[in-house]
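Structural description and commentary
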Amino acid sequence: MSYSLNEKIALVTGGTKGIGKAIADTLHRAGATVVITARTAPKDGENDHYFIAADLSTPDGALTVSANLLEKYGRVDIIINNAGANTSPNGGYSTLSDEDWNHEFQLNLMSAVRINKALLPSMVAQKSGVIINISSGAAMLPLWDITIPYSAAKAALNAYSKGLSGELGPKGIRVLTVSPGVVRTPLMEEFIDNMAEAMNISTDEAAKTLVEKVGNLPLGRMAEPEEVANLVGFLASDEARYLTGTNYLVDGGLMPVV
Ligand SMILES: NC(=O)c1ccc[n+]([C@@H]2O[C@H](COP(=O)([O-])OP(=O)(O)OC[C@H]3O[C@@H](n4cnc5c(N)ncnc54)[C@H](OP(=O)(O)O)[C@@H]3O)[C@@H](O)[C@H]2O)c1
């Protein structure tokens, strides 16, 4: 690791599992003090981070996290908005209720909007900070039968991140987006299980079907969470000080466009 995050305070939402856990561990190894959040606490001994319980699909969740973090540390230098999921039923437009659409936007867009709004005054006061919003390649590659509301919410997150970077650059704060492709996490395993059940096929067949559905995958495998975390750690560091307003795909070459 060629960068240091010594003396930085970092928040990783959804930091107990999958990509968020890998990011929290990576930032910690680089020297940061890390605060993680989720609805369910990690088991004792699973990590070295300060944990705050909150449901970030609600306005109260963001308030709980920001109040608790600021009371404990007084500031934050790095915000990783990672909590998110594709929670809508499969099957296309006719299976999707207003509640499905609303929940997808609350969890994948508004969680980041609210966390940033609550914590930005502290970053603006210190004239420095980095915000990294974890989006998805699905924003650019919506699959009609399995990801429409999720893709739309992540596309909105991309637009929000770009706009926010313009406002915050002059204040010394960088805003970036990282978009994983297909990553082997508990969320992905649950998604594949659901696909297998809905299609009445084995999980191996469902995993293969998913890779075929998303199309060409030059590296021929899903990413490991650490392969996303490696990029996030670098982007959060001063080594990336000229980078803001950009969206980075970590997708093994999956996206079929330039
Ligand atoms: N896995 C992929 O292939 C993939 C691809 C592209 C993008 N992504 C994005 O990467 C991010 C992480 O995904 P992952 O696959 O690592 O997910 P994961 O394994 O399911 O972990 C999600 C984390 O977020 C927390 N979380 C979920 N819902 C929450 C809520 N309502 N409020 C607060 N915390 C919540 C979970 O803890 P609790 O359940 O205890 O709350 C957990 O810590 C998401 O934004 C996802 O959209 C993933």
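Residues numbered from 1 in each chain as written. Predicted model: local features only at pLDDT ≥ 70, side-chain atom pairs only at ≥ 80, totals over all residues. Heavy atoms only, no water.

1. Points about the pairing of strand β5 (residues 129–134)
For clarity, the cut-off: Only protein chains enter the accessibility calculation, which uses a 1.4 Å probe; a residue whose area is less than 20% of its type maximum is buried, one above 50% is exposed, and one in between is partly exposed. Each helix is a run of H or I in the DSSP string that is no shorter than four residues. Each strand is a run of E no shorter than two, and both are numbered from the N terminus. Paired strands, in this sense, are two strands between which DSSP finds at least two bridges. Seen with its strands pointing away from the viewer, a crossover is right-handed if its path from the first strand over the helix to the second goes clockwise.
A large share of β5 lies buried, amounting to six of its six residues. Alternating residues of β5 divide into Gly129, Ile131 and Asn133 and Val130, Ile132 and Ile134, and every residue in both groups is buried. With four bridges joining them, strand β4 (residues 78–81) and β5 adopt parallel strand pairing. When the bridges of β5 are listed, Ile78 appears paired with Val130. Where the polypeptide runs from β4 across helix α3 (residues 98–126) and back to β5, its parallel neighbour, the crossover connection is right-handed. Where β5 lies against strand β6 (residues 173–180), six bridges are found, and the strand directions are parallel. Bridged to Val130 within β6 is Arg174. A crossover connection joins β5 to the parallel β6 through helix α4 (residues 148–168); in handedness this β-α-β unit is right-handed.

2. Examining the site of the ligand
Threshold: Working definition: residue near molecule or strand if any one of its non-hydrogen atoms lies within 4 Å of it. Residues adjacent in sequence count toward polar contacts only when both atoms are side-chain atoms; beyond that, a polar contact is any pair of N or O atoms within 3.5 Å, and within protein one must be able to donate a hydrogen and the other to accept it. Here the Shrake-Rupley method, with its probe set to 1.4 Å, supplies the accessible areas, and only the displayed protein chains count as covering residues.
In the neighbourhood of the ligand, 31 residues make up the surrounding shell, with Thr16, Asn82, Tyr150, Val183 and Thr185 lying closest. Here an oxygen atom of the ligand and a backbone polar atom of Ile19 are 2.8 Å apart. Note that an oxygen atom of the ligand is positioned 2.9 Å from one of the side-chain N or O atoms of Lys154. Coverage of the ligand by the protein chains reaches 95% of its 880 Å² of free accessible surface.

3. Details of the packing of helix α1 (residues 18–29) against helix α7 (residues 225–236)
Note the threshold: With axes taken as lines fitted to C-alpha atoms, and helix axes fitted only over the stretch in contact, angles between N-to-C directions fall between 0 and 180 degrees. Should an angle fall under 35 degrees it is taken as roughly parallel, and over 145 as roughly antiparallel, whereas 65 to 115 is taken as roughly perpendicular and any remaining angle as oblique. Here is the rule for handedness: rotate from the far helix to the near one, and if that takes an anticlockwise turn smaller than a right angle the crossing is left-handed, while a clockwise turn gives right-handed. It only takes one pair of heavy atoms within 4.5 Å for two residues to be counted as in contact. Each residue receives one of three labels: charged for Asp, Glu, Lys and Arg, nonpolar for Ala, Val, Leu, Ile, Met, Phe, Trp, Tyr, Cys and Pro, and polar for the others, Gly being one of them.
The interhelical angle for the contact between α1 and α7, taken along N-to-C directions, is 45°, at an axis separation of 8 Å. Here α1 lies oblique to α7, going by the angle between them. The chirality of how α1 crosses α7 is right-handed. Facing α1, whose interface residues are Gly18, Ile19, Ala22, Ile23, Thr26 and Leu27, α7 presents Pro225, Glu226, Val228, Ala229, Val232, Gly233 and Ala236. Partitioning the contact of α1 with α7 into residue classes produces nine nonpolar, three polar and one charged.

4. Side note on the nonpolar core
Let me state the cut-off plainly: We define a nonpolar core as any set of buried Ala, Val, Leu, Ile, Met, Phe, Trp, Tyr and Cys residues linked to one another through side-chain atoms lying within 4.5 Å.
Residues Val12, Ile23, Leu27, Ile80, Ile132, Val178 and Val232 are the most contacted members of the largest nonpolar core, which totals 29 residues. Among the elements of the structure, β1 (9–13), α1, β2 (33–38), β4, β5, β6 and α7 are those that each provide at least two residues to this core. Here Val232 is in contact with Ile23, Ile80, Ile132, Ile134 and Val178, once residues within four sequence places are set aside. One finds Leu11, Leu56, Ala83 and Leu120 within the second-largest nonpolar core, a separate group that totals 24 residues.

5. Describing the packing of aromatic side chains
Put simply, the test is: Side-chain rings of Phe, Tyr and Trp, where Trp is taken by its six-membered ring, are said to pair if the distance between their centres is within 6.5 Å; with planes under 30 degrees apart they count as stacked, over 60 as edge-to-face, and otherwise as tilted. Criterion for a charge above a ring: Lys NZ or Arg CZ within 6 Å of the ring centre, and within 35 degrees of the ring normal.
With the rule as written, the count across this model stands at two aromatic pairs. Here Tyr50 and Tyr73 contribute two aromatic rings whose centre-to-centre distance is 6.0 Å and whose plane-to-plane angle is 85°, an arrangement assigned as edge-to-face. In this pair, Tyr50 sits in strand β3 (residues 50–53) while Tyr73 sits in helix α2 (residues 59–73), placing the two residues 23 residues apart along the sequence. When the ring centre of Tyr50 is taken as reference, the NZ or CZ atom of Lys72 above it lies at 4.9 Å.

6. Overview of the pattern of salt bridges
Oppositely charged side chains are able to pair whenever their charged atoms sit close together. The test is simple: Definition used for salt bridges: Asp or Glu carboxyl oxygen within 4 Å of a side-chain nitrogen of Lys or Arg.
Within the structure shown, the criterion is met by five salt bridges. The shortest N-O distance in the salt bridge between Arg184 and Glu224 comes to 3.7 Å. Here Arg184 is found in the loop between β6 and α5 (186–199), whereas its partner Glu224 is found in the loop between α6 (203–214) and α7, with 40 residues between them in sequence. Given the relative accessible area of 43%, Arg184 is considered partly exposed. Of the charged contacts in the structure, one is a salt bridge between Glu212 and Lys208, with a shortest N-O distance of 3.9 Å. Taken together, the positions of Glu212 and Lys208, both in helix α6 and four residues apart, correspond to about one turn of that helix. With respect to burial, Glu212 and Lys208 carry one shared label: exposed.

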